[in-house]
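Inside the fold
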Amino acid sequence: MSVIENSKLSIIGAGSVGTSLAYAALIRESARHIALYDIKKSKVDAEVLDLAHGTQFTGSSDIVGGDDIDVVAGSHVVVITAGANQAPGQTRLELAGTNARILESLMPQLVERAPEAVFILVTNPCDVLTVVAQQVSGLPAERVFASGTVLDTSRLRWKLAQRAGVSTASVHAHIVGEHGDTEFPLWSSATIGPVPLLEWNGGQTFEVDELESIARDTRDAAYAVIEGKGVTNYAIGLSGARIVEAVLNDEHAVMPVSTVLSGFHGIDGVALSVPSIVDAGGAHPLAETRFSTLEEERLQESAEALRTSLAALGR
């Protein structure tokens, strides 16, 4: 694999998340060409026009779009954000039925127009929908994955950095599992710089009870944002753009994205976020990832929760 020249990113859905991702991708120059698609013509045309008006200030990237799905033709990466929004108090898994039906109709059309693309799911519940998308498309699991807990991991690192008094980039910790209520942090491997998290500042900074509180706050962060403003969009836009860059630049970056697992710690057929290498070929779970006994139990519990959701959809 190699860096993709003259790269094209297509974003499906011109709602708050899709437009935030397009905005972030333009500013970061994540791709040379960006296309935005939505079935609502007036909405997507206006969003593309607004974004295009700022391209003098965003480097070499350009943007097109519309309500004709042919705008995605030739894409190297397709990010799917289209779907019903998460309402206040609603869990991600409660969205499954509606958004699965949308995806069943949409995915074959996208594969037809961008047969070589890597597909990234952002629409919630992203883990369940990743299984649907991979089954409907018939593509290899590595080419159909979800943003998973990349954003949750960023939220966790931000909170830990605040508490430790260091930059977010100096915190190395992951949230794994379902992107939702059963997600959990890998405390056993978390570090600040080279120092194990529990040993930071002589072990005086982080108590076990505080870490549990931080994990809860991280898990529920989206609900707090939705309660206040109705939607989460800026941070997921930034994290989505970052994942796209890892693919288009063939970075072999380690990220906790969600792929349909096969034999990972005995888990098959469900999509969960685990540390994975993200490159031009897609996402490849790191089978060597170590879990403590408790973390292993929680991983299996998360997998079982998603099996239940998939069974409810007849999957």
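Before going into details, it helps to say that this report is about the structure given with it. Each chain carries its own residue numbering, running from 1 in the direction its sequence is written. Only residues with pLDDT of at least 70 get local features here, since the model is predicted, and only at 80 or more are side-chain atom pairs given and counted; chain-wide, interface and lining totals rely on the full set of residues. Values reported for side chains reflect all heavy atoms of the structure, with hydrogen atoms and water molecules removed beforehand.

1. Digging into the sheet that holds strand β7 (residues 171–172)
Keep this limit in mind: Two strands pair if DSSP finds at least two bridges between them. Counting from the N terminus, the helices are the DSSP runs of H or I reaching at least four residues and the strands are the DSSP runs of E reaching at least two.
With antiparallel pairing, three strands are arranged side by side in an open sheet as β7-β10-β11. At either end of the open sheet lies a strand with only one pairing partner, and these are β7 and β11 (195–196). Bridge count between β7 and strand β10 (residues 191–192): two bridges; the pairing is antiparallel. Residue pairing across strands places H172 opposite T191, the latter belonging to β10.

2. What to know about the side chain of T289
To be explicit about the condition: For every residue, the accessible area (1.4 Å probe, protein chains only) is compared with the maximum for its type, and the residue is labelled buried under 20%, exposed over 50%, or partly exposed between those bounds. Contacts described as polar in this section are N or O atom pairs within 3.5 Å, which, within protein, must combine one atom able to donate a hydrogen with one able to accept it, while residues neighboring in sequence count only if both atoms come from side chains. Contacts are assigned to residue pairs with any non-hydrogen atoms lying within 4.5 Å of each other.
Along the polypeptide, T289 turns up in the loop between β16 (282–285) and α9 (293–312). Taking relative accessible area as the criterion, T289 reaches 13% and is therefore assigned buried. Among the polar contacts made by the side chain of T289, one reaches the main-chain carbonyl oxygen of L286 at a distance of 2.8 Å. Not counting residues up to four positions away in its chain, the partners in contact with T289 are L186, F264, H265 and P275.

3. With respect to the pattern of salt bridges
To keep it simple, the criterion reads: Salt bridges are counted wherever a side-chain nitrogen of Lys or Arg sits within 4 Å of a carboxyl oxygen of Asp or Glu.
Across all of its chains, the model carries 13 salt bridges by this definition. As a salt-bridge pair, D45 and K41 come within 2.9 Å of each other at their nearest N and O atoms. Note that D45 and K41 are positioned in helix α2 (residues 41–52) at a spacing of four residues, about one turn of the helix. In this structure, K159 and D217 form a salt bridge, with 3.9 Å as the shortest nitrogen-oxygen distance. Taken together, the positions of K159 in helix α5 (residues 150–164) and D217 in helix α6 (residues 208–219) put the pair 58 residues apart, joining distant regions of the chain. K159 gets classed as partly exposed once you look at its relative accessible area, which sits at 22%. Taking the relative accessible area as the measure of exposure, D217 reaches 40% and is therefore partly exposed. The structure contains a network of salt bridges with shared partners spanning R28, R242, E245 and E251.

Interpretation in functional terms is not warranted from these geometric data alone.
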